Amino acid sequence: NSEIFELKAELNSDKKEKKKEAVKKVIASMTVGKDVSALFPDVVNCMQTDNLELKKLVYLYLMNYAKSQPDMAIMAVNTFVKDCEDPNPLIRALAVRTMGCIRVDKITEYLCEPLRKCLKDEDPYVRKTAAVCVAKLHDINAQLVEDQGFLDTLKDLISDSNPMVVANAVAALSEIAESHPNSNLLDLNPQTINKLLTALNECTEWGQIFILDCLANYTPRDDRESQSICERVTPRLSHANSAVVLSAVKVLMKFMEMLPKDLDYYGTLLKKLAPPLVTLLSAEPELQYVALRNINLIVQRRPEILKHEMKVFFVKYNDPIYVKLEKLDIMIRLASQANIAQVLAELKEYATEVDVDFVRKAVRAIGRCAIKVEQSAERCVSTLLDLIQTKVNYVVQEAIVVIKDIFRKYPNKYESVIATLCENLDSLDEPEARAAMIWIVGEYAERIDNADELLESFLEGFHDESTQVQLQLLTGIVKLFLKKPTETQELVQQVLSLATQDSDNPDLRDRGYIYWRLLSTDPVAAKEVVLAEKPLISEETDLIEPTLLEELICHIGTLASVYHKPPSAFVEGSRGVQHKRLPGSAGSGESVDSPDTGSAAGVSEAPPAVIPSQGDLLGDLLNLDLTPPTTTGPPPPTSGMQMGAMDLLGGGLDSLVSLLYTVDSMAAGFGAPPAVMPTSFNAPVSGGLDDLFDLGGGVGMPMGSYSPPKTVWLPAMKAKGLEISGTFARRSGVIQMEMTLTNKAMSVMTDFAIQFNRNSFGLAPAGPLQVLTPLSPNQSIEVSLPLNTVGPVMKMEPLNNLQVAVKNNIDVFYFSCQYPISMLFVEDGKMERQVFLATWKDIPNDNESQFQIKDCHLNAASNKLQGSNIFTIAKRTVEGQDMLYQSIKLTNGIWVLAELRVQAGNPNYTVSLKCRAPEVSQSVFQSYEAVLKN
């Protein structure tokens, strides 16, 4: 390339000026992205110069290309060593700064000697640059820095006579300490703190920020020390740089926690904090936004600081939307009886603006004021009604949402406005507004003549509504039914069947079934539950949870305070993020690191239980309490419906369905819910039962009991790389769930746990899932989980369906599988002959089912069946046909009696099953067939 060639010649020129121009051209090309690395040796030769400008340019080039040309970069080491001893401190500092930016392992060792000299340099400019270099070097090779004793040198620099050196030493140590949370590098004690506070007054602004952030991590011994630190930090509040101001506010907010409230100084400090925060709001909009997000936190923790400053939060017409919305939020937080009139006048003004988002938030704000300041409720409601009269669609919808909350806060006060709300029913198209309106109609059904028509109008498009609306509609109609049972019988039947049988949302289905059970078993109880007195809502619904607020206050002036999330939520990578806390307040008698009394529970040593995220509906359903059940023996029958296992599958259910209840005003009959719960999730169990009882080679069991081959229950695609295949076996009277867990993801999997949903026979894990070592990528592990049958019972469809949740460090995953019912055949299932005869006669003939087992060639059928606990009690031969009479007992005490007919030379067998719970016959037959053909 001719250009490179020309530059090469110019770089090697004898004339200094020409050299300098050439290096400038090289840097210009590098800046626009051209590759000029071929000139590396020629540029490095130019380092031997005493011209500072030329040296800077060469160093710039070096930083850029050292990584891609490590072998060439070693050539430059000599010059660094020389430059670190140059008489000019600017050159010494430049050399040490560049050394820190060359991230090449090979070179790092050579830099230690020059760095050591510079840390002890007589010029403070060189020392402060060297301090930062230690942090950069630590990032490349931590071990080296520790071995060379640089960390101790850094600690000594905290006592340096020059404030900028102190600030940079603090910055470097803080940076290193962040990546090594437990190292205790910054050993803060009153002497060190004193040095830092002395340096604070004379630093540059960024130096002040480093020192203030470091102070914020210190916990004073008592309120006197706390007060003296506050007194020395307070002057920083008048700094021109907003970052310094926020860092000072953070230190003061933290140390105020330790001051007694009755101290005069406490009041003085509160007064001093307001003006700097107000001043931040006259900056440009982006800074205002950051200030407002921080003020939002401060106001939640200490509203008294800004209680007289309402006016500065009034919105200006030319504020950007993000500033307007933040200001609104803070206005509500500061609203009180003293300023409510002003606030309402402002809000009413805002509600007529053009910006839709802002108007919505303003309407909401009016509602929040009503809830917060009781004296203003009357005025707020009439303001909202005026706004509804404007007929502006989104205004009406927001108004309805907040009026619902006002009804919750002040029951029986403002219900006269319901008529006005009902007029606007047709215009509602947002889920939240529709849900709010439905709630109002259901809650006040007795005051609305055509409540049933109104709610029926929503039912027409039930499946197109959002979950929020469907849930409200279900509850609303049940309330209506309990208030006006005679005319709404059909309506409630309709909504219950929509919610339970036609919906696949588990939340909705569960609520539907609960109402159905309640109404069908005990309408009086239903009334007490559904129409109970509702607790009044509290004024501040969107406060940040106290422990999180404490942590965020410790991060004022950082990104965390803008996101309102702890750093661990958005900082990735190897850096350990420490959780910070406010110190315990004075006189509360708490230790400094005990949680604030506002947080709900103390810190316990027990490992945290797994709670799936709220959005995880199935997680709720499977309520992951991952401890093995402690009870043995049958579960206690639940009251009301006697839901014991026998009852669920025995005759109890039929009688229940046919019962009609008539209680007090409810002359209308009400059928019980269908016993069969639709399955919650259709995980592919390969090809259903045929596949599950795959008739290929079975696995030989020592007991001789039948166990189907393993099939894939949870494909890796559906579980972020975790694949589970499995089967069931019964060994020595214990049911085992045998699984192969395979990790097909890139990361290690740990913390496995398992939970079952309620199922037909109460199957539940008898202990935790034993995966004792982490599961590495591409590794498989065989696990055998013993099961018992004392878990909660609910009839499934098909009967042997099992819904499982498996949790690991990545997520919670759900799948369904089907167990052969033969796993539930118990060892003491051999009936006495006389009992067998009497029972066979006693069970009605309607309960008998006949099945064909085709293509079966067996000699010793009864031995094979006995291996799976199907016991032959008697055998007789009639006209060349063998009749085997057999009994089976299930884990829940249900007996199944069988007659197996085998004709010599005929590969088709007939089996007749008789049982008091005929629902099980089909599954028992499938097991018979599987055992015989296996």
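Residues numbered from 1 in each chain as written. Predicted model: local features only at pLDDT ≥ 70, side-chain atom pairs only at ≥ 80, totals over all residues. Heavy atoms only, no water.

Going by the annotation in an unreviewed UniProt entry, the name recorded for the protein is AP complex subunit beta, with Sphaeramia orbicularis given as the source organism. UniProt, in the comment section headed Sequence similarities (unreviewed entry), describes the protein in these words: "Belongs to the adaptor complexes large subunit family." Regarding the protein, the relevant UniProt record gives this comment under Subcellular location (unreviewed entry): "Endomembrane system". (UniProt positions renumbered as here; feature names shortened; annotations may be inferred.)

Q: It is not clear to me how the pairing of strand β3 (residues 734–743) should be interpreted in this structure. Could you clarify?
A: Here is the key point about a regular strand: its side chains alternate between the two faces of the sheet. When you tally the buried positions in β3, you get nine out of ten residues, the bulk of the element. Here strand β2 (residues 722–731) pairs with β3 via ten bridges, running antiparallel. Its bridge partner lying in β3, Leu722 is registered against Asn743. Following β2, the chain reverses through two residues before pairing antiparallel with β3; Ser732 in that reversal takes a positive phi of roughly 45°. (Buried < 20%, exposed > 50% of the residue type's maximum accessible area, 1.4 Å probe, protein only. Helix = DSSP H or I, 4+ residues; strand = E, 2+ residues; numbered from the N terminus. Pairing = 2+ DSSP bridges.)

Q: Can you walk me through the side chain of Asn759 in this structure?
A: Looking at where Asn759 falls in the secondary structure, it is placed in the loop between β4 (753–756) and β5 (764–765). A relative accessible area of 0% means that Asn759 is categorised as buried. A distance of 3.1 Å separates a polar atom in the side chain of Asn759 from the backbone oxygen of Asn757. Apart from residues lying up to four places away in sequence, Asn759 is in contact with Pro792, Val793, Met794, Met796, Asn801, Leu802 and Tyr819. (Polar contact = N/O pair within 3.5 Å; in protein donor to acceptor, adjacent residues only side chain to side chain. Contact = heavy atoms within 4.5 Å.)

Q: Help me understand helix α26 (residues 467–483), please; the structure alone is not making it clear to me.
A: Side chains three or four residues apart in an α-helix point the same way, a direct result of the helix having 3.6 residues per turn. If you check α26, its first and last C-alpha atoms are 24 Å apart, about what 17 residues at 1.5 Å a residue would give, namely 24 Å. Judged by how many residues are buried, α26 sits mostly within the fold: 13 of 17 residues are covered. (Expected span 1.5 Å × (residues − 1).)

Q: Can you walk me through the packing of aromatic side chains in this structure?
A: Aromatic ring pairs: the centre-centre distance and the angle between the two ring planes describe each pair. Throughout the structure, instances matching the rule amount to 14 aromatic pairs. Ring geometry for Phe407 versus Tyr444: centroids 5.3 Å apart, planes at 80°, classification edge-to-face. With Phe407 in helix α22 (residues 393–409) and Tyr444 in the loop between α24 (431–443) and α25 (451–459), this pair connects stretches of sequence that are 37 residues apart. Judged by its relative accessible area of 1%, Phe407 falls in the buried class. Pairing Trp713 with Phe728 gives two aromatic rings, centres 5.3 Å apart and planes at 40°, and the pair type is tilted. Of the two residues, Trp713 sits in strand β1 (residues 711–714) while Phe728 sits in strand β2, which places them 15 residues apart along the sequence. There is no split in this pair, since Trp713 and Phe728 are both buried. Three or more aromatic residues link up through ring pairs in this structure, and these residues are Trp713, Phe728, Phe815 and Tyr819. Directly above the ring of Phe358 sits Lys324, whose terminal nitrogen or CZ lies 5.1 Å from the centroid. (Phe/Tyr/Trp six-rings, centres within 6.5 Å; stacked < 30°, edge-to-face > 60°. Lys NZ or Arg CZ within 6 Å of the ring centre and 35° of its normal.)

Q: Is there a simple way to explain the sheet that holds strand β13 (residues 909–915) in this structure?
A: Adjacent strands of a sheet form backbone hydrogen bonds with each other and so pair up, either parallel or antiparallel. Strand order in the open sheet formed by five strands is β9-β13-β12-β11-β10, and the pairing between neighbours is antiparallel. Of all the strands in the sheet, just β9 (848–853) and β10 (871–878) have a single pairing partner and so form its edges. Neighbouring strand axes in the sheet, compared pairwise and without regard to direction, differ in orientation by 20° on average. Sheet analysis places β10 next to strand β11 (residues 881–889), joined by seven bridges and oriented antiparallel. The residue of β11 that forms the bridge with Thr877 is Asp882. (Axes fitted to C-alpha atoms, helices over the stretch in contact; angles between N-to-C directions.)

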